[in-house]
Amino acid sequence: MRKVCASFALLSLLAVSSFALAAGPAATKAGANGRPRPFWGNVVGTVHWEDHGYQACPTQGGYLTIVEAEGQMNHLGQTTFSHVHCAGDDGLPLDGSSVFTAANGDELWATYVPGSGYWGLPPDAEWLLEEVDYTIVGGTGRFANATGAYHMTVFAMPDHPFEFSIVGFIKY
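Residues numbered from 1 in each chain as written. Predicted model: local features only at pLDDT ≥ 70, side-chain atom pairs only at ≥ 80, totals over all residues. Heavy atoms only, no water.

Caption draft 1: Representation of the nonpolar core. Counting residues in hydrophobic clusters, the biggest one holds 25 residues, and the most contacted among them are F39, F100, L108, Y150 and M152. Among the elements of the structure, β1 (37-51), β2 (63-73), β4 (93-102), β5 (107-112), β7 (128-139), β8 (147-156) and β9 (162-171) are those that each provide at least two residues to this core. Leave out the neighbours within four places in its chain, and L108 touches F39, L76, S98, V99, F100, I136, G138, G139, F143, A146 and I170. (Core = buried A, V, L, I, M, F, W, Y, C linked by side-chain atoms within 4.5 Å. Buried < 20%, exposed > 50% of the residue type's maximum accessible area, 1.4 Å probe, protein only. Helix = DSSP H or I, 4+ residues; strand = E, 2+ residues; numbered from the N terminus. Contact = heavy atoms within 4.5 Å.)

Here you go:
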């Protein structure tokens, strides 16, 4: 009986070892998870305009729209958010790029989807609502090969910081 138990234990050890060796590379690749995952969060901050010369943004007389915000994003944790765009005559972005920076320094990059913007004022004009779409185009660290998309809703009220609500998906 001891011989049978010892043989069974050896076979079990070999089977587990073989499985671990076979699964090892797959487990490593799973870290580069190719499946889409929910991407969401909120950041709050300021919007201002900087003169970068007429060629930088002719439709705004050379002024670029600059966003600086902080908040919480899943997959990033505490996050700083930076965004730059040039707006058209209608006030909506013509182009734009965003950078989310996680607490550990990893960056996630995104670009504006042209023509996706919408903005409106409610009847009392107490606040402004703007909605735009972005494509995730990579980053640094764990986001080096990230892809995905998100929809951003911007809420602006007089004498209040701008609020940015972000919902989408990410693969990395």
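Caption draft 2: The arrangement of the side chain of H85 in detail. Structurally, H85 can be placed in strand β3 (residues 77-87). A residue is classified by how much of its surface remains accessible, and H85, at 9% relative accessible area, is buried. Here H83 takes part through its side chain, which lies 3.0 Å from a polar atom of the side chain of H85. When sequence neighbours within four positions are dropped, the list of residues in contact with H85 reads Q60, L64, T65, P93, D95 and G96. (Polar contact = N/O pair within 3.5 Å; in protein donor to acceptor, adjacent residues only side chain to side chain.)

Caption draft 3: The arrangement of the pairing of β9 in detail. In the sheet, β1 pairs with β9 via nine bridges, with the strands oriented antiparallel. Residue N42 lies in a different strand from β9, and its bridge partner there is S165. In terms of strand pairing, β8 meets β9 through nine bridges, oriented antiparallel. Residue pairing across strands places F155 opposite E163, the latter belonging to β9. Here β8 hands over to β9 after five residues, with D159 in that stretch at a positive phi of 60 degrees. (Pairing = 2+ DSSP bridges.)

Caption draft 4: A look at the confidence of the model for the protein. Of all residues in the protein, 80% have pLDDT values of 70 or greater, and the mean over the chain is 80. With pLDDT under 50 throughout, residues 1-31 is counted as low confidence; its partners more than four residues away or in other chains account for one contact. (pLDDT = per-residue confidence, 0-100.)

Caption draft 5: Region of the structure containing the state of the cysteines. Evaluated as defined, the whole model comprises one disulfide. Each sulfur in the disulfide pair C57 and C86 lies 1.9 Å from the other. Because the sign of the S-S torsion sets the handedness, a value of about 85 degrees for the bond joining C57 and C86 places this disulfide among the right-handed ones. You can see C57 sitting in the loop between β1 and β2 and its partner C86 sitting in strand β3, a full 29 residues away along the chain. Across the pair, exposure class does not vary: C57 and C86 are buried alike. (Disulfide = S-S within 2.5 Å.)

Caption draft 6: Representation of the packing of aromatic side chains. Scanning all chains against the criterion turns up nine aromatic pairs. Here F81 and F100 contribute two aromatic rings whose centre-to-centre distance is 4.9 Å and whose plane-to-plane angle is 45 degrees, an arrangement assigned as tilted. Of this pair, F81 sits in strand β3 while F100 is found in strand β4, placing the two residues 19 residues apart along the sequence. With respect to burial, F81 and F100 carry one shared label: buried. (Phe/Tyr/Trp six-rings, centres within 6.5 Å; stacked < 30°, edge-to-face > 60°.)

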